[in-house]
Amino acid sequence: MTRTLRVGAAQLGPIQRSDDRASVVSRLIVLLREAADAGCDLVAYPELALTTFFPRWFVDDITEADHWYETAMPNEHTQPLFDEARRLGVGFCLGYALLDRDGGTENRWNVQSLVDRDGSIVGTFRKVHIPGHEAHEPDRPFQHAERYYFEPSPLGFGVWEAFGGRIGMMICNDRRWPESYREMGLQDVELILCGYNTPLHYAPDPSQDVLQGFHNALVAQSGAYQNGTFVVVVAKGGVEEGVDSLSDTLVVAPSGEILARSSTSGDELVVADCDLDWCRQYRDTLFDMHRYRRPEVYTRLTSQRGPQLD
Ligand code: ING
């Protein structure tokens, strides 16, 4: 009896500033139903899947951005998605901005929630690596002010028992850092779900623009192979408020092979069967961490933030 999960990577095309949550949730439900018809067990949506990528604008008064955040999950806007998922018996992973006002404190997180087939939230991951900049940088063609709008998670990376396997999550820039995968690999993760919004233009070094697709695949394939896990990276792509973003949604096997990928820059469901036992073919051999890893000599990995000369 294999533990095969049929995963639907639900890529989104642009969400424009004027697209209200109801219209977006309708798009999510269309993809959910397509996934159910395809026999999917689980649907993965992108980062910030309910709104446009609002960190592309800088507002001096951050409360003017409050409306881009959810204050609860589910809520009036997303309840129809949770209800339909439960009716169809399909789980999902949803990226959104969370404004957490709890007991007088206020925190702004970039999060992903993993939802089981019965509509219950299994866990919520907060983005760890926050890219971009903290202050307005008017010389940029568009802002990427995530470090203004979101705090970095103090919790790190978790792995949850769900859908008959061990499911991990990360968000966008997290996928570029090998530590993200290894932290979950050391928790015996079998499937990592990662939504992203990645503009094709990278202002600090435009030479990277033409390499966005290559880098996206490079990090997902290496992270999958080096930790013997499936990795699903799901885009919100296309031209969103004038900014063209990467659309290369991928499902990657523990071998590092790409099992399925999107072929458009719009709303598109990418389906792949993930036999979770495939992970053991790498984790019990080449990447038998208990046998081969040498943490006793990896002393810099957690003692240093960046390079330093001894
Ligand atoms: N976006 C980007 C990412 O890491 C970025 C940051 C922007 C990278 C533009 C390259 C080009 O994919 C998010 N949301 O983390």
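This section reports on the structure supplied with the text.

**Quick word on the overall build of the protein**
At step 1: Along the protein, the regular secondary structure elements total 8 helices and 14 strands.
At step 2: Expected size for 310 residues packed as a compact globule is a radius of gyration near 19 Å; at 19 Å, the protein falls within 12% of this value.
At step 3: Principal axes of the C-alpha set define a box for the protein whose edges measure 55 × 55 × 45 Å.
At step 4: Here the protein, with 310 residues, has 53% of them falling under the buried criterion.
At step 5: The long-range share in the protein, meaning contacts at least 24 apart out of those at least 6 apart in sequence, stands at 69%.
At step 6: Carbon and sulfur atoms provide 51% of the accessible area of the protein, an area that totals close to 13,700 Å².
At step 7: The positive charge centre, built from 29 side chains, and the negative charge centre, built from 46, are 4 Å apart in the protein.

**Brief notes about the sheet that holds strand E7 (residues 165-171)**
At step 1: With mixed pairing, 6 strands are arranged side by side in an open sheet as E6-E7-E8-E9-E12-E13. Each edge of the open sheet is held by one strand with a lone partner, namely strand E6 (159-162) and strand E13 (258-261). Averaged over neighbouring strand pairs, the angle between their axes works out to 20° when direction is ignored.
At step 2: Two strands pair when backbone bridges link them, and strand E12 (residues 250-252) and E13 are joined in this way by 3 bridges, in the antiparallel orientation. Among the inter-strand pairings, Leu250 is bridged to a residue of E13, identified as Arg261.
At step 3: Along the sheet, helix H4 (residues 178-185) makes contact with E6, E7, strand E8 (191-196) and strand E9 (230-235), crossing E7 at roughly 160°.

**As for the environment of Asp66**
At step 1: Mapped onto the fold, Asp66 is located in the loop between strand E2 (42-44) and helix H2 (79-88).
At step 2: Distance in space between the C-alpha atoms of Asp66 and Ala97 is 9.6 Å, their sequence separation being 31 residues.

Definitions and limits used
Residues numbered from 1 in each chain as written. Predicted model: local features only at pLDDT ≥ 70, side-chain atom pairs only at ≥ 80, totals over all residues. Heavy atoms only, no water. Helix = DSSP H or I, 4+ residues; strand = E, 2+ residues; numbered from the N terminus. Rg over C-alpha atoms; globule rule 2.2 N^0.38 Å. Buried < 20%, exposed > 50% of the residue type's maximum accessible area, 1.4 Å probe, protein only. Contact = heavy atoms within 4.5 Å. Areas by Shrake-Rupley, 256 points an atom, 1.4 Å probe, with all protein chains shown as cover. Lys, Arg positive; Asp, Glu negative; His and termini not counted. Charge placed at Lys NZ, Arg CZ, Asp CG, Glu CD. Pairing = 2+ DSSP bridges. Axes fitted to C-alpha atoms, helices over the stretch in contact; angles between N-to-C directions.

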